[in-house]
Each structure stands twice: as C-alpha cells, then as structure tokens.
Amino acid sequence: MSSSSGGQQGPAARQTAMAEQVLADGSATAAELAERFGVSLMTIHRDLDELERQGIVRKFRGGVTAQPSGVFESNVQYRLKTMRAEKAAVAERALRMVEPGMAILLDDSTSTLEIARRLRTGEVTPLTVVTNFLEAINLLSDQRGIHLMALGGDYDPLHSSFLGVSCVEAVEQLRVDVCFASTSAVHRGYAYHQEQHIVSVKRAMLDAAARNVLLIDHTKLGRVALHRVVPLSRFDLLLVDDGASPEELRDLDEHKVRYEVCAMKGDHDGNGTGAT
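Residues numbered from 1 in each chain as written. Predicted model: local features only at pLDDT ≥ 70, side-chain atom pairs only at ≥ 80, totals over all residues. Heavy atoms only, no water.

Trainee: How would you explain the confidence of the model for the protein if you had to name every residue and give the values?
Mentor: Overall, the predicted model of the protein reaches an average pLDDT of 88, with 88% of residues at or above 70. Scored below 50 in pLDDT, residues 1-7 shows 14 contacts in the model against residues more than four places distant or in partner chains. Contacts for the low-pLDDT stretch residues 268-276, under 50 throughout, to residues beyond four places or in other chains number 22 contacts. (pLDDT = per-residue confidence, 0-100. Contact = heavy atoms within 4.5 Å.)

Trainee: Lay out the pattern of salt bridges in plain terms, naming residues and giving numbers.
Mentor: Counting across every chain of the model gives 11 salt bridges. Here Glu260 ties to Arg93 by a salt bridge, and the two come within 2.7 Å at their closest N and O atoms. Highlighted residues: Glu260 in strand β15 (residues 259-262) and Arg93 in helix α6 (residues 84-95), separated in sequence by 167 residues. When its relative accessible area of 12% is taken as the criterion, Arg93 is described as buried. Through salt bridges that share partners, Arg84, Glu92, Glu114, Arg117 and Arg118 make up one connected network. (Salt bridge = Lys/Arg side-chain N within 4 Å of Asp/Glu carboxyl O. Helix = DSSP H or I, 4+ residues; strand = E, 2+ residues; numbered from the N terminus. Buried < 20%, exposed > 50% of the residue type's maximum accessible area, 1.4 Å probe, protein only.)

Trainee: Describe the packing of helix α9 (residues 165-172) against helix α10 (residues 196-207), with residues and values.
Mentor: Axis separation between α9 and α10 bottoms out at 9 Å; the angle between their running directions is 5°. One element, α9, and the other, α10, form an angle in the roughly parallel class. Where α9 approaches α10, its residues Cys167, Val168 and Val171 are matched on the opposing element by Ser200, Val201, Ala204 and Met205. Within the contact of α9 with α10, the residues separate by chemical class into six nonpolar, one polar and no charged. (Axes fitted to C-alpha atoms, helices over the stretch in contact; angles between N-to-C directions. Parallel < 35°, antiparallel > 145°, perpendicular 65-115°, else oblique. Nonpolar A, V, L, I, M, F, W, Y, C, P; charged D, E, K, R; others polar.)

Trainee: Describe the sheet that holds strand β13 (residues 227-231), naming the residues involved and giving the relevant values.
Mentor: If you walk across this open sheet you meet the three strands as β10-β11-β13, and the pairing is antiparallel. Of all the strands in the sheet, the pair left with one neighbour each is β10 (185-187) and β13. Each adjacent strand pair in this sheet contributes to an overall mean axis angle of 30°, direction not counted. Inspection of the sheet shows β10 paired to strand β11 (residues 190-193) by three bridges, in the antiparallel sense. Its bridge partner lying in β11, His187 is registered against Tyr190. (Pairing = 2+ DSSP bridges.)

See the structure below:
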C-alpha cells in the first residue's frame, strides 16, 4: 500500500487493515506500520490503542503483537492461522475415538475446531455435538446427522465463544461420552491457561464427560500460563504432534501422562505411544 493511499484511508478501514497485517505476521513495530499506512506515529499509536481495547492485539514498547504470552491468549483469528498441520494431525487421531451414537463436547479451541471440520464429512453419524465455540457452531449448524447443542452465555469476541456463569451452569446439566479440549500451556504435570473465565468453563466441561482428551500442538509443551487448569491426570489421553522434542516427551513420561504422538502428513513414522 502506498503512503498516499494509506493516509487517505479512514481510521476504521486503516485499523482493519492494520489488524489483518499484525494477525498475519504475528507482530509489527509502530514505525513499520506508520511507513506502510502513510500516517504519523501518533496516529498509529491511537489506532493500536483501539485495537488493543478490542482485544485484537497487545502493545509493547515500540510495537504490537498478536502472539500469546503467559498472561494473554492470542486472538482467535491469529490462532486460526497458526500450527494448522499440527492441529490437523492430532484431530485426525481424535476423530478415531468418535463413534456413531456418541455425545461429544468440543471446547472453544482451534485444535478441536479441526475435529468439527472433519465431522462435516458426515461419516460419523448420528452424533450429538455440544460446544460453546461459535466457529464450530457455524461449521456444524447445517450438518445432517449431527444433533448440535450450542452452549449459551456471555459472548466473548476475543475467543469467538460463549463463556461465563451461564455457560458453566449449562455444562453442569450435561453428561457426554467424551470431551475434547485444548489449552495454552502444559508443564510438569499440569495444564495451564492465561484467563480465569476460560478455566472455569474448561473445568466444568471435564467434569461433564466420561472421558477427557487433551489436544495440543508441540509449542505448548514446556510452557506455563497464569492459571492452572487441572492436573494432566484428569485426561485419559493427551494427543500431541510429532514436533515434540524428546525432552518435552520425557517430562510427560516422568509425570506418568498417557499420551500419543501423532504424525503430521508427509512424515514417515506412524503414531507413537508414550508411557502410561
């Protein structure tokens, strides 16, 4: 985009374009954005303040980021773009656990969204799917053979999901066969997440299921976030892609976590199984 066209954009259009760039690249400096959009640094900082207020990005000294930290989770639009092959690998394995007639619960993670994408083939029906994730609801709303139960609550645009006390109470009234969930960080026998209101919903979901399966990509291993969700012993199985290092898998072994390593497409090895 030329400087002249950037300067002529209205604030809303410029902020939308700016958000798209940061979500695609992961981060940017204020100077880079000022040059790209042909406006002053003062204007850029006002735009970034607004994007931060909306929960799309986070400002840091000299720039802005869409990437997660131990305290903030990244915007759902950023998460939808990242680690797609890794998420697909674990979702393929998870789908083999789903049988016709089951009731399953999907949390608001982009990892479990990959399960929802695969359910659209209609190969596993009839099926009841319960979720609070608007992205999954939209994917499955017109799918024949799937009884879709949408969990209500307070809509959170950062996560594109329904949360809060109403959502927790709705989950507590249910009993499903399997809950498929993900989380932001896994370290020394615990699952972690940055945000407390997400933690309460995830805990309720785990309590509502006969079996619990954790889906993560390898970048979440060896990391911590602000809140402990549950011990990994709460999960019957942990699924991770084959980008996980031996050291990270050794930590799972030491804490007696049952896990499987799922090969991404194009890898030569099949699924591996960790110690119980």
